[in-house]
Amino acid sequence: MCGVFGIYGHPEAANLTYLGLHALQHRGQESAGIATSDGKQLALHRGMGQVIDVFQPRQMERLTGTNAIGHVRYSTAGGSLLRNAQPIAVDYAHGQIAIAHNGNLTNSLLLREQLEKSGSIFQSGSDTEVIVHLLAVSGQRTTEDRLADALSKVEGAFSLVCLTETKMLAARDRYGIRPLCIGRLKSGDRQFVVASEPTVFSLIEAEFVRDVEPGEIVVLSDEGLRSITPAPPIASKRCVFEYIYFARPDSTLDGVNVYEARKNFGRALARENRVEADVVVAVPDSGVPATIGFAEESGIRYEVGLVRSHYIGRTFIEPQQSIRHFGVRLKLSPVPEVFRDKRVIVVDDSIVRGTTSRKIVKMIRDAGAKEVHLRISSPPTRWPCYYGIDTPTRDELIASSHSVEAINEFVTSDSLGYLSHESMIESVLASASPREPSNVSSEHRLPMLKDEQGRHPFCDACFSGNYPIQYKTPPRSRQMRLLDV
Ligand code: AMP
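As the structure is a computational prediction, the values presented were derived from the model and not from experiment. (Residues numbered from 1 in each chain as written. Predicted model: local features only at pLDDT ≥ 70, side-chain atom pairs only at ≥ 80, totals over all residues. Heavy atoms only, no water.)

Draft legend 1. Here's a closer look at the environment of arginine 394. Secondary-structure assignment places arginine 394 in the loop between strand 22 (371–376) and helix 13 (398–401). Each C-alpha atom, one on arginine 394 and one on cysteine 181, is 32 Å from the other, the two residues being 213 residues apart in sequence. Sequence-distant contacts of arginine 394, that is, excluding residues within four places in its chain, are made with Arg382, Trp383, Pro384 and Ser400. (Helix = DSSP H or I, 4+ residues; strand = E, 2+ residues; numbered from the N terminus. Contact = heavy atoms within 4.5 Å.)

Draft legend 2. Looking closely at the sheet that holds strand 18 (residues 301–303). Taken in spatial order, the 5 strands line up as 18-17-21-22-23 in an open sheet, and their pairing is parallel. Here the strands that pair on one side only, and so sit at the sheet edges, are strand 18 and strand 23 (415–418). On average, adjacent strands in this sheet sit at an angle of 25 degrees to one another, irrespective of strand direction. Alignment of strand 22 against strand 23, held across 4 bridges, turns out to be parallel. Directly across from isoleucine 376, in strand 23, lies its bridge partner tyrosine 418. Packed onto the sheet, helix 9 (residues 288–298) meets strand 17 (279–282), strand 18, strand 21 (343–348) and strand 22 and runs at close to 165 degrees relative to strand 17. (Pairing = 2+ DSSP bridges. Axes fitted to C-alpha atoms, helices over the stretch in contact; angles between N-to-C directions.)

Draft legend 3. Summary view of the state of the cysteines. According to the stated counting rule, one finds 0 disulfides in the structure shown. You can see cysteine 385 has no disulfide; the closest cysteine sulfur is in cysteine 239, sitting 6.1 Å from it. (Disulfide = S-S within 2.5 Å.)

Draft legend 4. Layout of the environment of arginine 382. Inspection of the secondary structure puts arginine 382 in the loop between strand 22 and helix 13. Expressed as a C-alpha distance, the spacing of arginine 382 and glutamate 242, which sit 140 residues apart in the sequence, is 16 Å.

Draft legend 5. Representation of the pattern of salt bridges. Enumeration over the complete set of coordinates arrives at 25 salt bridges. Lysine 153 is paired through a salt bridge with aspartate 149; the nearest N and O atoms lie 2.9 Å apart. Highlighted residues: lysine 153 and aspartate 149, both in helix 6 (residues 143–153), separated by 4 residues, approximately one helical turn. Taking the relative accessible area as the measure of exposure, lysine 153 reaches 38% and is therefore partly exposed. Arginine 238 serves as the salt-bridge partner of aspartate 254, at 3.1 Å between the closest nitrogen and oxygen. Here aspartate 254 is found in the loop between strand 15 (252–253) and strand 16 (256–257), whereas its partner arginine 238 is found in strand 14 (residues 238–239), with 16 residues between them in sequence. Both residues of the pair, aspartate 254 and arginine 238, belong to the buried class. Here the salt bridges do not stand alone but share partners, grouping Arg27, Arg178, Glu197 and Glu242 into one network. (Salt bridge = Lys/Arg side-chain N within 4 Å of Asp/Glu carboxyl O. Buried < 20%, exposed > 50% of the residue type's maximum accessible area, 1.4 Å probe, protein only.)

Without other data, these values stay purely geometric and don't point to any function.
Here you go:
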């Protein structure tokens, strides 16, 4: 769970990256960083916390140059420590390079062990550092060839941006698991933006150009934009959970508008799980579009029954369970007038451990509701994600060991209904628009369609347990790492 951003060819590259990271803050709040290049040298600043806290005028002044990349992080591999913050920037035999990565590599421990055996010394616990070491040992001549070489060895999910003294590179894994898109600033033909989500484009007056294709490396340089596909895409496995929870509703990823997809989830959820009620409310913010779709389809009145405080971060985003527990009450408060003596439907996007839902149901009942029916706009989350969404281990995922009836009992709702797997897939596909034109050849583009065998284009491992890429650990993984306090 991270956000990456890059801007090429703008005199205020660092400032625009700051804004870009701000718009991607929902993708990670633990640390943030920006690396810039002035054509000769890279400059880097990283810190723990949110964008607004990490960058002060003193640092922004020193982040000079027309090219910049940035990163917001939520740790899914490697601890929540400054040394794991990104971008990672190094001096190596071919100059300087900085990398910002979203996604998780599934063979990084194996590669790390091999690299360490041949003498590499790692500075962090982050899987991204493996890519840096592979770049350093590659015998290829150009940066893009070295990157292609390095990426041919890693497995798993990655959407990344790299910065050298003179170039920027953007790359996406061969399944296209995590999103990545390209924009162009309206102020100049050779001014490009790369971002996990296009949410910031309108703010910085950039127009959306296209998504980076699975397996593609985009090279931005003085010569403009060049695309290479060193290893063709394997199969589309875009992460379906981005559409359910993670991405912002004003984003369109791979041609699918997140808001529309969520409304479709809500509509289908209402059709599949009918119940008599007086009012339908959302768990804000991620549950709102699905609730609107639910209300539209069911004809039950939509009300704002839960008010969210925007002065704390997403509760889940803080990794410790102790903070999360406290967080629910800090984050949400009920409007008693909406609930008093009412039969209430409350819609949320997912149940992970079940603890949030339980508290919300209690909160609504305490506010005077006669009945509380919980509706979830995705199927039961049963399997952990290995590709960069923070989900707990299997035994902490309530749906991995409990039936829907047992979860209903645990969260103390009067009834519980999930969206079916089939409706989830159909809802996203129904929101897909035709893909934008591209200079990438059609055999290297994976459409958001079912294939001839009827297979859908998503990674749905968290619901189905069908992992497109196996997780590989070294035979004897080294547990002890330097204690960083
Ligand atoms: P839980 O109490 O663990 O069931 O948390 C469920 C809540 O967490 C829901 O309101 C979701 O919107 C939210 N959620 C689901 N998946 C994630 C995730 N990977 N990171 C952060 N929040 C999540």
